[in-house]
2 protein chains.
Amino acid sequence: MVHFANYSEENYLKALYKLELRQVKKITNSAVAKALDLNPATVLEMMRKMEQKKLVELLPDKSIKLTEKGSKKALRTIRRHRLWEVFLVKKLGFTWNEVHDLAEQLEHIDSDELVNRLDEYLGFPPFDPHGDPIPDKLGKIKKQVAVPLTSCQQGPTYQVQHFAETSDAFLQYLGQVQIAPGSKIKIVGINAYDQSYSLQLGRRSVQVSEKAAANILVQPADH
Amino acid sequence: MVHFANYSEENYLKALYKLELRQVKKITNSAVAKALDLNPATVLEMMRKMEQKKLVELLPDKSIKLTEKGSKKALRTIRRHRLWEVFLVKKLGFTWNEVHDLAEQLEHIDSDELVNRLDEYLGFPPFDPHGDPIPDKLGKIKKQVAVPLTSCQQGPTYQVQHFAETSDAFLQYLGQVQIAPGSKIKIVGINAYDQSYSLQLGRRSVQVSEKAAANILVQPADH
DNA sequence: GAACTTTATTTGGCACACCAAATAAAATTT
DNA sequence: AAATTTTATTTGGTGTGCCAAATAAAGTTC
């Protein structure tokens, strides 16, 4: 075979897209290297190849920007990833925190026909099981308005939209404290000593660290 | 990433398995090279690696044999391939001759959990859309008793089981003449000039070359 | 069995995606 | 602004999977 589609390239594109989303001010080779757990030299090399392909621009201040073409390609991969996640959860009965690694593989399957049919088969779901929006066929994606729990007030009820981290450890953790997309949360208090959060979920009461709270993204619940 | 599961290895294993099935007397590096469209030198190199991994035995007469371990692994890949084909046809509405290349990609997705759930979701299908048997979780596979149309008589009705070739061109061809797994066929006659076959399919009458007939595998139809 | 032909193996090379260590450039501190 | 620290880039190297061309071995023909 020796061609393996654009496995690596797609991963770079996704990483760049996510960094841009996270509004990292200056996306450098090292930042990408950290995100993908690679050596900066490797990233630099790849960025030059991807510049040639007009997928990224390398700006004079050494920052990296996705081109229109690059963004589109990134969104295509994200679409695939999220649709496969829906499939795994809705059809095969995986739980929402088991599917990330599998989708990471499936997203590289190279066929628009396949992914469009999958979309239709799943009923054109707007969100994946983590609460993230799924780009449509044309790459259109719903803007996420969720904010980290750490920027929220005590009192009102919030609904968990999605998460800012996707590490296994974190997802495992969320499973333990039973926080999932859609969960309704109230902040009961913040511990003055270690900044940990006391949360109310229905009738359950849960403690989470500040670090965890910062990665839980919520929207004000309507009631 | 740079690990790509065992993409190539799985392809070698499949090719070897198929050659053994086809009862090729002496499976040589060149035979495998031809099957996979590779250089014999490449195959030799790979076979040595796979020998170390105890996936194949390199016999003194230079022939290659799958070990128990190798066969098992080949069957795992074949199982995946065929289950994905069923999924693509039954759930996503692809036609049985469109799915091979997609399944070729999907079969390398590395998760037994996934494939077992898929199996269950599809209702443990015993055959894929081409009529080939699907190995179960343990690698058990139904013996195929089908024979090439070229070894059949004029007169009786046969049912198409599967095909000995999977090239796009051939599958396309079958689509044109509307021969699919399950089709009922009677041999009307063999043209003395070019050995081509006149077939009766229901009320349709079809001419196929000897080459094509040799790749159409059938079983006697029960009525 | 010598000559020829076919098949198998070795050799040297390539592209890809990666890394570690060395060097160069930029930013920060003093 | 000089010294130091941090960040970026270059350089040389790796493993995997591949190839073409050269050589060696096996098989065939005369």
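Basis of the calculations
Residues numbered from 1 in each chain as written. Chains lettered and ligands numbered in written order. Predicted model: local features only at pLDDT ≥ 70, side-chain atom pairs only at ≥ 80, totals over all residues. Heavy atoms only, no water. Pairing = 2+ DSSP bridges. Helix = DSSP H or I, 4+ residues; strand = E, 2+ residues; numbered from the N terminus. Contact = heavy atoms within 4.5 Å. Axes fitted to C-alpha atoms, helices over the stretch in contact; angles between N-to-C directions. Buried < 20%, exposed > 50% of the residue type's maximum accessible area, 1.4 Å probe, protein only. Expected span 1.5 Å × (residues − 1). Arc of directions from axis to C-beta. Polar contact = N/O pair within 3.5 Å; in protein donor to acceptor, adjacent residues only side chain to side chain. Phe/Tyr/Trp six-rings, centres within 6.5 Å; stacked < 30°, edge-to-face > 60°. Lys NZ or Arg CZ within 6 Å of the ring centre and 35° of its normal. Least-squares fit on C-alpha atoms with pLDDT ≥ 70 in both. 1 Å grid on protein atoms, 1.4 Å probe; cavity = no way out; pocket = protein on both sides within 12 Å on 5 of 7 lines; lining within 4 Å. Points joined across faces, edges and corners; volume = space filled by probe spheres on them. Parallel < 35°, antiparallel > 145°, perpendicular 65-115°, else oblique. Left-handed = near helix turned anticlockwise from the far one by under 90°. Nonpolar A, V, L, I, M, F, W, Y, C, P; charged D, E, K, R; others polar. Salt bridge = Lys/Arg side-chain N within 4 Å of Asp/Glu carboxyl O.

A.B. asks: Whenever I open this one, the sheet that holds strand β3 (residues 147-148) of chain A confuses me. Can you help?
C.D. replies: Within a sheet, each strand pairs with its neighbour through backbone hydrogen bonds, oriented either parallel or antiparallel. All names here are of chain A. Sheet architecture is open: six strands sit in the order β3-β8-β4-β5-β6-β7, paired in antiparallel fashion. Of all the strands in the sheet, just β3 and β7 (204-208) have a single pairing partner and so form its edges. Two strands pair when backbone bridges link them, and strand β6 (residues 197-201) and β7 are joined in this way by five bridges, in the antiparallel orientation. Looking at β7, one finds that Tyr 197 is bridged to Val 208. Its contacts with the sheet put helix α7 (residues 168-177) on β4 (157-163), β7 and β8 (216-220), and the angle it makes with β7 is roughly 150°.

A.B. asks: What is the right way to read unusual backbone geometry from this model?
C.D. replies: In terms of backbone geometry, most residues other than glycine have negative phi values and most peptide bonds are trans. Phi is positive for Phe124(A), which is not a glycine, with a value near 50°. For Phe124(A), the position within the fold is in the loop between α6 (112-121) and β3.

A.B. asks: Would you take a moment to explain the pairing of strand β6 (residues 197-201) of chain B for this structure?
C.D. replies: All names here are of chain B. Burial analysis of β6 places four of its five residues in the buried class, the great majority of the element. Note that strand β5 (residues 184-190) and β6 share four bridges and pair antiparallel. Residue pairing for β6: Ile 190 is matched across the bridge by Tyr 197. A loop of six residues connects β5 with β6, the two strands running antiparallel in sequence, and Gln 195 in this loop sits at a positive phi of about 65°. Linking β6 to strand β7 (residues 204-208), which pair antiparallel, is a turn of two residues; within it Gly 202 sits at a positive phi near 60°.

A.B. asks: I would appreciate a short explanation of helix α3 (residues 40-52) of chain A in the present structure.
C.D. replies: An α-helical segment advances 3.6 residues per turn. Residues three or four places apart therefore align on the same side. Residue and element names in this part refer to chain A. The first and last C-alpha atoms of α3 sit 19 Å apart over 13 residues, in line with the 18 Å expected at 1.5 Å per residue. Among the residues of α3, Val 43, Met 46, Met 47 and Met 50 are the ones counted as buried. For α3, the arc enclosing every buried residue in end-on projection is 110°, short of the 170-degree limit, so these residues lie on one face. Opposite the buried face of α3, by more than 90 degrees, sit the exposed residues Arg 48 and Gln 52. On its buried face, α3 is in contact with α1 (7-21), α2 (29-36), β1 (56-58) and β2 (64-66). N-cap assignment for α3: the residue whose side-chain oxygen lies 2.8 Å from the backbone N of Ala 41 is Asn 39.

A.B. asks: Sorry if this is basic, but what is going on with the packing of aromatic side chains here?
C.D. replies: The way to describe two aromatic rings as a pair is by their centre distance and the angle between their planes. Within this structure, the stated rule accounts for 12 aromatic pairs over all chains. Here Phe87(A) and Phe87(B) contribute two aromatic rings whose centre-to-centre distance is 5.0 Å and whose plane-to-plane angle is 55°, an arrangement assigned as tilted. Here the residue Phe87(A) occupies a position in helix α4 (residues 68-90), and Phe87(B) occupies one in helix α4 (residues 68-91), the pair thus bridging two chains. Its relative accessible area of 0% is what places Phe87(A) among the buried residues. One aromatic cluster in this structure is built from Trp84(A), Phe87(A), Tyr121(A), Trp84(B), Phe87(B) and Tyr121(B). Just above the ring of Tyr121(A) sits the side chain of Lys91(A); from NZ or CZ to the centre is 4.6 Å. The residue whose ring lies beneath Arg117(A) is Phe94(B), and the NZ or CZ to ring-centre distance is 4.2 Å.

A.B. asks: Looking at this structure, I do not really get the relation of the copies chain A and chain B. What am I missing?
C.D. replies: In this structure, two copies of a chain are linked by a rotation about an axis accompanied by a shift along it. Between chain A and chain B, the superposition needs a rotation of 180° and an axial shift of 0.0 Å, giving an RMSD of 0.1 Å. Taken together, the rotation and translation relating the two chain copies correspond to the operation of a two-fold axis. Using C-alpha coordinates, one finds that chain A approaches the rotation axis most closely at Leu106(A), a distance of 3.8 Å.

A.B. asks: How should I be thinking about the side chain of Arg82(B) in this particular structure?
C.D. replies: Residues and elements named next belong to chain B. Structurally, the position occupied by Arg 82 is in helix α4. Looking at Arg 82, the relative accessible area reads 13%, which means it is buried. Apart from residues no more than four positions distant in its own chain, Arg 82 is found in contact with Asp 128, Asp 132, Pro 133, Ile 134 and Ile 141.

A.B. asks: Before we go on, may I ask you to explain the layout of surface pockets in this structure?
C.D. replies: To find leftover empty space, a probe the size of one water molecule is rolled over the atoms. Residues and elements named next belong to chain B. Put simply, the second largest pocket is a space of about 1600 Å³. Lining the second largest pocket are 47 residues, with Lys 14, Lys 18, Leu 19, Arg 22 and Thr 166 positioned closest to its centre. Among the elements of the structure, α1 (7-21), α2 (29-36), α3 (40-52), α4, α5 (100-106), β4 (157-163) and α7 (168-177) are those that each provide at least two residues to the lining of the second largest pocket. Counting residues per element, the lining of the second largest pocket draws most heavily on α1, at 10 residues.

A.B. asks: Could you clarify how one ought to interpret the packing of α2(B) against α3(B) in this entry?
C.D. replies: Residue and element names in this part refer to chain B. Running from amino to carboxyl end, α2 crosses α3 at an angle of 110°, the nearest separation of the two axes being 8 Å. What the angle tells us is that α2 and α3 run roughly perpendicular. Judged by the twist between their axes, the crossing of α2 over α3 is right-handed. Contact with α2, carried on its side by Asn 29, Val 32 and Ala 33, involves Pro 40, Val 43, Leu 44 and Met 47 of α3 and no other residues of that element. Broken down by class, the residue content of the contact of α2 with α3 amounts to six nonpolar, one polar and no charged.

A.B. asks: Honestly, the pattern of salt bridges in this entry has me stumped. Any pointers?
C.D. replies: In a structure, side chains of opposite charge can pair up when their charged atoms sit close to one another. Residues and elements named next belong to chain A. Considering all chains together, one arrives at 24 salt bridges over all chains under this definition. Of the charged contacts, one joins Arg 79 and Asp 119 as a salt bridge, the two residues approaching to 3.1 Å between their closest N and O atoms. Taken together, the positions of Arg 79 in helix α4 and Asp 119 in helix α6 put the pair 40 residues apart, joining distant regions of the chain. As a salt-bridge pair, Asp 110 and Arg 80 come within 3.7 Å of each other at their nearest N and O atoms. Here Asp 110 is found in the loop between α5 (100-106) and α6, whereas its partner Arg 80 is found in helix α4, with 30 residues between them in sequence.

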